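A closer look at the structure
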Amino acid sequence: MGLTKKQRAANYFAQHRALLQCPICHEAMMVEENGTVRCEENHSFDMAKQGYVNMMTHPATSMYDKSLFEARKEVIDSELYRAVYNVILAELDGDVAILDTGCGEGSHLAKLKESYASSMVASGIDIAKEGIVQAAKNYADMMWVVGDLAKSPYAENAFDVILNFLSPANYEEFKRILKPNGKVIKIVPQAGYLRELRALFFADSEKESYSNDKTVARFSENFDDVRVQRVTTTLPIRSELVPLLAHMTPMGWHQEQQIEAGMLTEITIDVDVLIGQ
Ligand SMILES: C[S@@+](CC[C@H](N)C(=O)[O-])C[C@H]1O[C@@H](n2cnc3c(N)ncnc32)[C@H](O)[C@@H]1O
Ligand SMILES: [Zn+2]
């Protein structure tokens with residue numbers, strides 16, 4: 001008999017418990033045999049059977065549901081974001097501990113891990129429980145956590161790299177848990193992101209100028225040696241992925257039209273990758 005998901009995750013958490021810190025009292029964490037994560041002050045967080053730990057300290061509601069994360073996984077599995085991964089992977093060196101903040105259903109992080117030649121200790125945190133449940137179901141040997149990236153359950157100087165992929169950020173918290181000389185890699189959408197889909201949504205697609213200047217300025221105030229690398233690729237998209245793509249798009253894109261399979265044949269990924277130390 002192999003290990004259960006829960007037991008395997010408990011082992012992974014135990015092995016990498018130094019990355020963790022109590023989100024309530026900030027003491028060190030122990031991992032018990034059944035996966036319960038407990039601090040010296042006796043604050044405890046149970047391991048779920050799927051193999052993740054919920055370390056939220058306050059209630060939160062998420063705008064994202066199960067079907068959205070399933071759509072995301074399908075689209076991400078189609079390798080649409082490979083060019084972005086190549087830029088991220090080029091920033092990594094040797095054995096790394098990496099945290100994906102706002103990881104959703106974890107597919108980006110899992111793909112990075114499987115593509116990386118050296119050892120990668122990886123944790124993903126998201127406030128949406130449905131995302132983390134799916135991440136834990138699909139990807140073993142990663143530390144999946146339900147939590148708030150602004151009040152994270154991680155130790156000081158824990159990570160070599162913090163990834164922030166199309167998600168909100170908290171730079172004070174990132175600096176606390178990043179190693180000296182660690183890197184923050186933030187992915188933000190650029191003007192052409194999913195533009196074929198946007199053109200379908202909005203009959204007369206707006207042609208306003210678009211800029212990430214403010215995001216880059218805020219990032220530069222917080223980190224050193226900031227570089228911005230734009231990644232633009234247009235790829236063919238399988239017909240059946242088109243409605244899924246529509247389902248996973250930004251909430252702000254009010255949909256005026258029903259999107260069906262085959263309405264698009266290609267799709268553009270256009271992002272800025274912000275890299276800082
Ligand atoms: C647009 S999705 C991006 C998900 C994934 N990184 C991707 O690129 O497919 C934004 C994610 O950030 C998460 N999120 C928002 N606020 C958060 C917070 N305070 N702490 C942790 N995650 C958060 C959401 O639940 C959601 O999964
Ligand atoms: Zn505690």
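These numbers come from a predicted model, not from an experiment.

Here the focus is the coordination of the zinc ion (ligand 2). Summarising the metal site, the zinc ion (ligand 2) is bound by the protein donors Cys-22 (SG), Cys-25 (SG), Cys-39 (SG) and His-43 (ND1), whose distances to it range over 2.1 to 2.3 Å. What the 4 donor atoms of the zinc ion (ligand 2) show is an angle range of 103 to 115 degrees at the metal, which sorts the shape as tetrahedral. Going along the chain, you hit the donors of the zinc ion (ligand 2) in the pattern C-x2-C-x13-C-x3-H. We classify His-43 as partly exposed; its relative accessible area is 24%.

Moving on, we come to helix 2 (residues 66–77). Residues spaced three or four apart along an α-helix point in a common direction, a consequence of the helix completing one turn every 3.6 residues. Here helix 2 spans 17 Å end to end across 12 residues, near enough to the 16 Å set by a 1.5 Å rise per residue. Inspection of helix 2 places Leu-68, Phe-69, Ala-71, Lys-73, Val-75 and Ile-76 among the buried residues, and these make up the whole buried set. Those residues of helix 2 that are buried are in contact with helix 3 (82–90), helix 4 (107–115), helix 5 (129–138) and helix 9 (242–247).

Below, the discussion takes up the packing of aromatic side chains. Enumeration over the complete set of coordinates arrives at 8 aromatic pairs. Seen from their ring centres, Tyr-171 and Phe-223 are 5.3 Å apart, and the 85 degrees between their planes marks the pair as edge-to-face. Here Tyr-171, found in helix 6 (residues 171–177), pairs with Phe-223, found in the loop between helix 8 (213–222) and strand 10 (227–236); they are 52 residues apart in sequence, far enough to count as distant. Each member of the pair, Tyr-171 together with Phe-223, is buried. Among the aromatic side chains, those forming a connected cluster through ring pairs are Tyr-171, Phe-174, Phe-219 and Phe-223.

The next subject is the site of ligand 1. As a matter of local geometry, ligand 1 sits amid 18 residues, with Arg-72, Gly-102, Asp-126, Asp-148 and Phe-165 nearest to it. Here Asp-148 contributes a side-chain N or O atom positioned 2.8 Å from a nitrogen atom of ligand 1. A distance of 2.8 Å separates a nitrogen atom of ligand 1 from a polar atom in the backbone of Phe-165. For ligand 1, whose unbound accessible area comes to 600 Å², protein coverage reaches 88%. If you tally residues by element for the shell around ligand 1, the top one is helix 2, at 3 residues. Tallied by class, the residues present in the shell around ligand 1 amount to 10 nonpolar, 5 polar and 3 charged.

Take the UniProt feature "domain: Methyltransferase" (unreviewed entry) in the chain next. The UniProt record annotates "domain: Methyltransferase" (unreviewed entry) at residues 98–182. Segment residues 98–182 splits into 31% helix and 32% strand. End C-alpha atoms: 10 Å apart.

What follows deals with the packing of helix 3 against helix 4. Pairs of packed helices are described in terms of their axes, by the angle between the two and the distance that separates them. Helix 4 packs onto helix 3 with a crossing angle of 60 degrees between their chain directions and a minimal axis gap of 11 Å. As judged from the angle between their axes, helix 3 and helix 4 are oblique. Seen along the crossing, helix 3 lies across helix 4 with a hand that is right-handed. Where helix 3 approaches helix 4, its residues Arg-82, Tyr-85, Ile-88 and Leu-89 are matched on the opposing element by His-108, Lys-111, Leu-112 and Ser-115. Among the residues forming the contact of helix 3 with helix 4, the class breakdown is 4 nonpolar, 2 polar and 2 charged.

This part is about the nonpolar core. Tyr-81, Val-84, Trp-144, Ile-187, Leu-197, Leu-245 and Val-273 are the most contacted members of the largest nonpolar core, which has 55 residues in total. Here Leu-197 is in contact with Leu-245, Ala-246, Thr-249, Ile-259, Leu-264 and Ile-267, once residues within four sequence places are set aside. In this structure, Cys-39, Val-121, Met-143 and Leu-274 belong to the second largest nonpolar core, which totals 37 residues.

Let us look at the pairing of strand 9 (residues 178–189). Bridge count for strand 8 (residues 159–165) against strand 9 is 6 bridges, and the pairing is parallel. Residue pairing for strand 9: Leu-163 is matched across the bridge by Ile-185. Following the chain from strand 8 across helix 6 to the adjacent parallel strand 9, one finds a crossover that is right-handed. Sheet topology note: the strand 9/strand 11 (residues 266–276) ladder contains 6 bridges and is antiparallel. Of the residues in strand 11, the one forming a bridge with Ile-185 is Ile-275.

Here is what the cut-offs are and how they apply
- Residues numbered from 1 in each chain as written.
- Chains lettered and ligands numbered in written order.
- Predicted model: local features only at pLDDT ≥ 70, side-chain atom pairs only at ≥ 80, totals over all residues.
- Heavy atoms only, no water.
- Donors = N, O, S within 2.8 Å, 3.2 Å for Na, K, Ca; no water.
- Tetrahedral: all angles 85-135°; square planar, octahedral: opposite > 155°, others 65-115°.
- Buried < 20%, exposed > 50% of the residue type's maximum accessible area, 1.4 Å probe, protein only.
- Helix = DSSP H or I, 4+ residues; strand = E, 2+ residues; numbered from the N terminus.
- Expected span 1.5 Å × (residues − 1).
- Contact = heavy atoms within 4.5 Å.
- Phe/Tyr/Trp six-rings, centres within 6.5 Å; stacked < 30°, edge-to-face > 60°.
- Near = heavy atom within 4 Å.
- Polar contact = N/O pair within 3.5 Å; in protein donor to acceptor, adjacent residues only side chain to side chain.
- Areas by Shrake-Rupley, 256 points an atom, 1.4 Å probe, with all protein chains shown as cover.
- Nonpolar A, V, L, I, M, F, W, Y, C, P; charged D, E, K, R; others polar.
- UniProt positions renumbered as here; feature names shortened; annotations may be inferred.
- Axes fitted to C-alpha atoms, helices over the stretch in contact; angles between N-to-C directions.
- Parallel < 35°, antiparallel > 145°, perpendicular 65-115°, else oblique.
- Left-handed = near helix turned anticlockwise from the far one by under 90°.
- Core = buried A, V, L, I, M, F, W, Y, C linked by side-chain atoms within 4.5 Å.
- Pairing = 2+ DSSP bridges.
- Right-handed = clockwise from strand over helix to strand, strands pointing away.

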